[in-house]
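Structural description and commentary
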Amino acid sequence: PIWHNIEFFQYNVPEFLEQLIAVGGAVIALGLFDWRLTVVGSILIVLVVIGSRYYMKSLTTIQSTLHDQYEDEYNVFGTREPTKIRSYYSTIADLEIRYSIRSTLSYGVVRFFLLIMFLSTLYISIDLDKFTIGALYSIVAYVWSFVTATEYIPYLSEKWVELKDASRRITEPLESEPGLHG
């Protein structure tokens, strides 16, 4: 479990900061072309943040239950009962499928929001008075920065939930063994 903390702070925190700077910079740069581009980007950022909070809440329960199952693996195999072992793997498979469905939906929602961003940006860009190919290229480049950085949010949300669950497991006393509580 300690390696979750190390991995998170070594890899995911710098990635998060990089994505945050890319999204913020893209929204600011798009605002230099037209204020409406900043409004669209800001609204989408708020929607993605709200969606990420919901996504993390739904993953927390699944991931906690999944880790509880993994911690019980030794005891299940210790019974040497095929029905209990099959039931264990069925439960694991069900949880993994639920986790995967939530992850897929999250990526799908983010992609839908990014499609709205891209289409809105193109519409606003064509409406600009000083529309040039160079300006369009710059706008598309900033939108691309926005898109690639925003697509990373579900992954970082998953890593955050994983870290919180692992940290909780490290700091909470074991409930099944009363002698360990002090």
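Note: the structure precedes this text.
Because the structure is predicted, anything quoted here is derived from the model rather than measured. (Residues numbered from 1 in each chain as written. Predicted model: local features only at pLDDT ≥ 70, side-chain atom pairs only at ≥ 80, totals over all residues. Heavy atoms only, no water.)

1. A closer look at the nonpolar core
Threshold: The set of buried Ala, Val, Leu, Ile, Met, Phe, Trp, Tyr and Cys residues whose side-chain atoms join them within 4.5 Å is what this entry labels a nonpolar core. Using a 1.4 Å probe on the protein chains alone, a residue whose accessible area is under 20% of its type maximum counts as buried, one over 50% counts as exposed, and one in between counts as partly exposed. Secondary structure elements are defined from DSSP: runs of H or I of at least 4 residues count as helices, runs of E of at least 2 residues count as strands, and each element is numbered from the N terminus. The contact rule is simple, with two residues in contact once any of their heavy atoms fall within 4.5 Å.
Within the largest apolar cluster, 19 residues are counted, with the highest numbers of intra-cluster contacts made by Leu30, Leu44, Met117, Ile139 and Phe146. If you list the elements that add at least two residues to this core, you get helix H1 (2-33), helix H2 (35-71), helix H4 (82-127) and helix H5 (133-150). Other than its neighbours up to four places away in sequence, Leu44 contacts Phe113, Ile116, Met117 and Phe146. Counting 12 residues, the second-largest nonpolar core is a separate cluster that includes Tyr55, Leu66, Ile85 and Ile92.

2. A closer look at the packing of aromatic side chains
This is how it is decided: Within 6.5 Å between ring centres, the rings of Phe, Tyr and Trp (the latter by its six-membered ring) count as paired, and their orientation is classed by plane angle as stacked under 30 degrees, edge-to-face over 60, tilted in between.
Enumeration over the complete set of coordinates arrives at 5 aromatic pairs. Taken together, a centroid distance of 6.4 Å and an interplanar angle of 50° make the contact between Phe33 and Tyr142 tilted. Here Phe33 is found in helix H1, whereas its partner Tyr142 is found in helix H5, with 109 residues between them in sequence. What makes Tyr142 partly exposed here is its relative accessible area of 33%. Judged by centre distance (6.4 Å) and plane angle (50°), the rings of Phe112 and Phe113 are tilted. A network of ring pairs unites the aromatic residues Phe77, Tyr88 and Tyr89 as a single cluster.

3. Quick word on H5
Structurally, the α-helix is built with 3.6 residues per turn, so residues lying three or four positions apart point the same way. Put simply, the rule is: A helix is expected to reach a length of 1.5 Å times the quantity of its residues less one.
Here H5 spans 25 Å end to end across 18 residues, near enough to the 26 Å set by a 1.5 Å rise per residue. Those residues of H5 lying buried are Ala135, Ile139, Val143, Phe146, Val147, Ala149 and Thr150.

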